[in-house]
Amino acid sequence: SDSVLAHELFKNIKNPYVDTLYNDSEAYFGDMTDIKAEFEEAFSYLKHYYPSFQAPKIKTMVTGFGSSEMYVGKNEIIIGLEYYLGKKARYNPPGIPKYILTRFDKPYIVPAVVLLYANQYLKENTSDKTMLADMIYYGKKYYFAKQMLPCTSDSLIVWYSGQQLKDVEENKDVIWYHFLNNQLLYETNHFVKQKYMDERPNIPEIGEKCPGRIGSWVGLDIIRAYMENNPEISLQELMANPDAKDILNKSKYKVF
C-alpha cells in the first residue's frame, strides 16, 4: 500500500547510515569516468556484433541496501553503488557470504552488466535438463562477455581469483576426469547439479582447492575449444545454437 511504501521511504531518508553510504559512494566512485569508458567499450562491441543494439541509459542510486544491486532492462540499467564499495567498505551488503563479497567491487560492475546482457542473445533448449546444458549455457555467457570486454581480466568475468584460475587451469585434467568418471555430463538430478553449478566456497568432491561453479568454468573451456576448432562459426551463430551436445562433440574437447 502507499502508506507502507511511504513509511519505508521515510525511514530510509531519516537513516543517518544511508547518508554515510552516500558519502562513501561519492568518495569511492568520483565522477565514474573509468566506468563510463568501460561501458562505452562494451557497448561499441555489442553494436558491432548486434547492429540493432541500442545503448541503454545508465542510472546509479544509493538505496541503503533497500534494493538489489543491479537492474538491467532493455532501455536502462540501474546500479546500486553502495553494493560495490569493495572489501574496505564501512558496511557490507547484508546476507552475502564473505567468499562472494570479493566480487562486490567497482571493477566487477561492467562485466556483471555484460553477463546479464548475454541472456538477450543466448538461445537454450529448455527441455534439456542435463548438467552439460547448464555448463554450455554459462560457458557461452562467459565467452560472450569476453568478446565484449577483450581487455578485461578473466577473473573479473568468471568471478574467480587469479590463483583460482591458475589452479583450475593446471588441474583441468583432474576436473574433467571427475566429470567423466562420475557420469555427470548427462546428470539431471537437481541436487547433484547444484554441487557443481551453484555458489560454494569449494567443491570437496573434486578437491579442497576446487572453487564453486566449476561446471560453468568447464563450460567456458569447452566453448573456447569449440570456437578454436570451428573458426567458421561466428559469435552470433554460437549464441543461437541451443544444442549443448552438438557443441561438445564439435569442440573435440580434450585435456589429457
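Being a predicted model, the structure only gives us computed values, none of them experimental.

Engineer: Break down the packing of aromatic side chains for me, with residues and values.
Structural biologist: Overall, the coordinates contain 14 aromatic pairs when judged by the stated rule. Taking the centre distance of 4.0 Å and the plane angle of 25° together, the rings of Tyr50 and Tyr121 count as stacked. With Tyr50 in the loop between α3 (33-49) and β1 (57-61) and Tyr121 in the loop between α5 (109-118) and α6 (131-148), this residue pair connects regions lying 71 residues apart in the sequence. Judged by its relative accessible area of 12%, Tyr50 falls in the buried class. For Tyr121, a relative accessible area of 17% gives the class buried. For the pair Trp176 and Tyr253, a centre-to-centre distance of 4.9 Å together with 90° between the ring planes defines the contact as edge-to-face. You can see Trp176 sitting in helix α9 (residues 172-181) and its partner Tyr253 sitting in the segment after α13 (244-251), a full 77 residues away along the chain. Taken together, the ring pairs in this structure connect Phe39, Phe43, Phe53 and Tyr117 into an aromatic cluster. It is Lys106 that lies over the ring of Tyr28; its NZ or CZ is 5.3 Å from the centre.

Engineer: Tell me about the packing of α6 against α13, and name the residues and values.
Structural biologist: One way to put it is that α6 packs onto α13 with a least axis distance of 9 Å and a crossing angle of 75°. Here α13 runs roughly perpendicular to α6, going by the angle between their axes. For the pair formed by α6 and α13, the contact residues are Leu132, Ala133, Ile136 and Lys140 on the first element and Ala244, Lys245, Ile247 and Leu248 on the second. Its residues assigned to classes, the contact of α6 with α13 comprises six nonpolar, no polar and two charged.

Engineer: Help me get a handle on the nonpolar core, residues and values and all.
Structural biologist: Grouped together as the largest cluster of nonpolar side chains are 75 residues, with contacts concentrated most on Phe39, Phe144, Trp176, Phe179, Ile214 and Val218. Among the elements that make up this core, the one with the highest residue count is α6 (eleven residues).

Engineer: So what's going on with helix α10 (residues 190-197)? Which residues, and what values?
Structural biologist: Along α10, the residues that are buried comprise Lys193, Tyr196 and Met197. Angular distribution of buried residues about the axis of α10 spans 85°; they occupy a single face of the element. For α10, the elements touching its buried residues are α6, α9 and α11 (214-229). Measuring from the side-chain oxygen of the N-cap residue of α10 to the backbone nitrogen of Phe191 gives 2.9 Å; that N-cap residue is Asn189.

Engineer: Got a sec to walk through the packing of α5 against α6? Specific residues and values, please.
Structural biologist: One way to put it is that α5 packs onto α6 with a least axis distance of 9 Å and a crossing angle of 125°. Considering their axes alone, α5 and α6 lie oblique with respect to each other. The way α5 lies across α6 gives a crossing that is right-handed. In contact with Val114, Leu115, Tyr117 and Ala118 of α5, α6 contributes Lys141, Tyr142, Phe144, Ala145 and Met148. Across the contact of α5 with α6, the residue classes tally to eight nonpolar, no polar and one charged.

Thresholds applied
Residues numbered from 1 in each chain as written. Predicted model: local features only at pLDDT ≥ 70, side-chain atom pairs only at ≥ 80, totals over all residues. Heavy atoms only, no water. Phe/Tyr/Trp six-rings, centres within 6.5 Å; stacked < 30°, edge-to-face > 60°. Helix = DSSP H or I, 4+ residues; strand = E, 2+ residues; numbered from the N terminus. Buried < 20%, exposed > 50% of the residue type's maximum accessible area, 1.4 Å probe, protein only. Lys NZ or Arg CZ within 6 Å of the ring centre and 35° of its normal. Axes fitted to C-alpha atoms, helices over the stretch in contact; angles between N-to-C directions. Parallel < 35°, antiparallel > 145°, perpendicular 65-115°, else oblique. Contact = heavy atoms within 4.5 Å. Nonpolar A, V, L, I, M, F, W, Y, C, P; charged D, E, K, R; others polar. Core = buried A, V, L, I, M, F, W, Y, C linked by side-chain atoms within 4.5 Å. Arc of directions from axis to C-beta. Polar contact = N/O pair within 3.5 Å; in protein donor to acceptor, adjacent residues only side chain to side chain. Left-handed = near helix turned anticlockwise from the far one by under 90°.

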